[in-house]
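# Fold and geometry: a report
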Amino acid sequence: MSRLFNTIYNLSLLTVSPKLNQKSLFELMGFDFGVKAISGQNIPVPFEVLAQSEIYQERWQSNKTVKFSAFEFGWQWQNDDFLVLLMTPTDADIDSVSQLVYQQALNQAEALNYFELIRTWNYFPRINETEQGMERYQRFCVIRQDVLNQFPSFQVQNPAATAIGTHWEENNFVFLFAKEKGVGIENRRQLSAWEYPSQYAPKQPRFARAMWHSGVLICSGTASVVGHETQHVGDVLRQCEESLLNVETLLQQSENKVSLADGFFRFYLRDPSDTGAVVKLLVQAGIKHYVILAADVCREDLLIECEAVFQK
């Protein structure tokens, strides 16, 4: 199996480092934080950057040549092993947006023979706003499941995923497909998302808590949830600690025996005034690589969410 990620030790595909001069590697995904629109060939992450560790970057690299191109509904990065799709539709209707991006992404992946959906990022505004009796996040979950049900090839394994609300009026969806299977991992402290009771959405979220692929643990958006219930309502620091404990549990359940402190973290923080306190907590926890973004989490009683990537 071709390795999916690379660190500064040149293991093969993810680099979160300013040292990007490895001549044998090709950039598959380069993320620009705090940017609304695609710039050059980098993927925008449309959130205000509140804080970050020194020179935080995310550069996902491959040891096989990557071809960048535009297609009718967005942009793509492709090589022999992986396909990355970026879509930034301008429609304000979350039903139409979700239908469009998932239908087109899965059609495109099938047409190009990438049948394993490894990771998604789903960013859209007003995630907690109610429309026609349902929150926009709930409406997104319904449409996502409806579209996935139309594609049997992508129902064998749910991907790692993040769904977060932008403070800007920007839609941004990123898909990472592969030709080789990953292994989904569920958190023993949490009920699997697709088993949530109907109080959270008429159709349950379709994602795995983490994905193990090519020697890398890719953790989904992770919050202060135990079982299926929010913990520590109103306390951002305890919610952050609970989120880190959930990530550490996933790490312990994987084959990647590295320290929590060695992960590469994105944090999504509802109230920017909490930034200083969260940074202090992360420093105390020994987290070395992080970025904190101003964003809304899928439940209104969640004040912070994180995601992480680990590699030996």
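Everything in this summary refers to the structure shown in the same document. (Residues numbered from 1 in each chain as written. Predicted model: local features only at pLDDT ≥ 70, side-chain atom pairs only at ≥ 80, totals over all residues. Heavy atoms only, no water.)

## A closer look at the side chain of R206
- Along the chain, the position of R206 falls in the loop between strand 14 (183-185) and strand 15 (210-213).
- It turns out R206 is buried and unbridged, and the closest side chain with the opposite charge, D146, is 8.3 Å from it.
- Within the local environment of R206, its side chain forms a polar contact with the side chain of N149, the two groups lying 3.3 Å apart.
- A distance of 3.0 Å separates the side chain of R206 from the side chain of N158, its partner in a polar contact.
- Dropping the residues within four chain positions of it, R206 is found in contact with R144, Q145, L148, N149, F154, Q155, N158 and P159. (Helix = DSSP H or I, 4+ residues; strand = E, 2+ residues; numbered from the N terminus. Buried < 20%, exposed > 50% of the residue type's maximum accessible area, 1.4 Å probe, protein only. Lys, Arg positive; Asp, Glu negative; His and termini not counted. Salt bridge = Lys/Arg side-chain N within 4 Å of Asp/Glu carboxyl O. Polar contact = N/O pair within 3.5 Å; in protein donor to acceptor, adjacent residues only side chain to side chain. Contact = heavy atoms within 4.5 Å.)

## Some words on the packing of helix 1 (residues 94-111) against helix 2 (residues 136-148)
- One can describe the packing of helix 1 onto helix 2 by two numbers: an axis separation of 9 Å at closest approach and a directional angle of 30°. It follows that helix 1 is roughly parallel to helix 2 by the angle criterion. The hand of the helix 1/helix 2 crossing is right-handed. For the pair helix 1 and helix 2, contact is made by I94, D95, S98, Q99, Y102, Q103 and L106 and by R136, R139, F140, I143, R144, V147 and L148, respectively.
- Here the residues of the contact of helix 1 with helix 2 sort into seven nonpolar, three polar and four charged. (Axes fitted to C-alpha atoms, helices over the stretch in contact; angles between N-to-C directions. Parallel < 35°, antiparallel > 145°, perpendicular 65-115°, else oblique. Left-handed = near helix turned anticlockwise from the far one by under 90°. Nonpolar A, V, L, I, M, F, W, Y, C, P; charged D, E, K, R; others polar.)

## What about the pattern of salt bridges?
- The full count for this structure, using the stated rule, is 14 salt bridges.
- Salt-bridge contacts for E27 lead to R59; the nearest nitrogen and oxygen are separated by 3.6 Å. Pair noted here: E27 is in strand 2 (residues 26-33) and R59 is in strand 5 (residues 59-62), with a separation of 32 residues, a long-range link.
- Judged by relative accessible area, which is 30%, E27 ranks as partly exposed.

## So, helix 2
- Here helix 2 is 13 residues long and its end C-alpha atoms lie 18 Å apart, about the 18 Å a rise of 1.5 Å per residue gives.
- Those residues of helix 2 not exposed but buried are R136, Y137, Q138, R139, F140, C141, V142, I143, R144, Q145, V147 and L148.
- Looking at the packing, one finds that the buried side of helix 2 touches helix 1, strand 9 (116-125), strand 10 (130-131), strand 11 (134-135), strand 12 (160-166) and strand 13 (172-178). (Expected span 1.5 Å × (residues − 1).)

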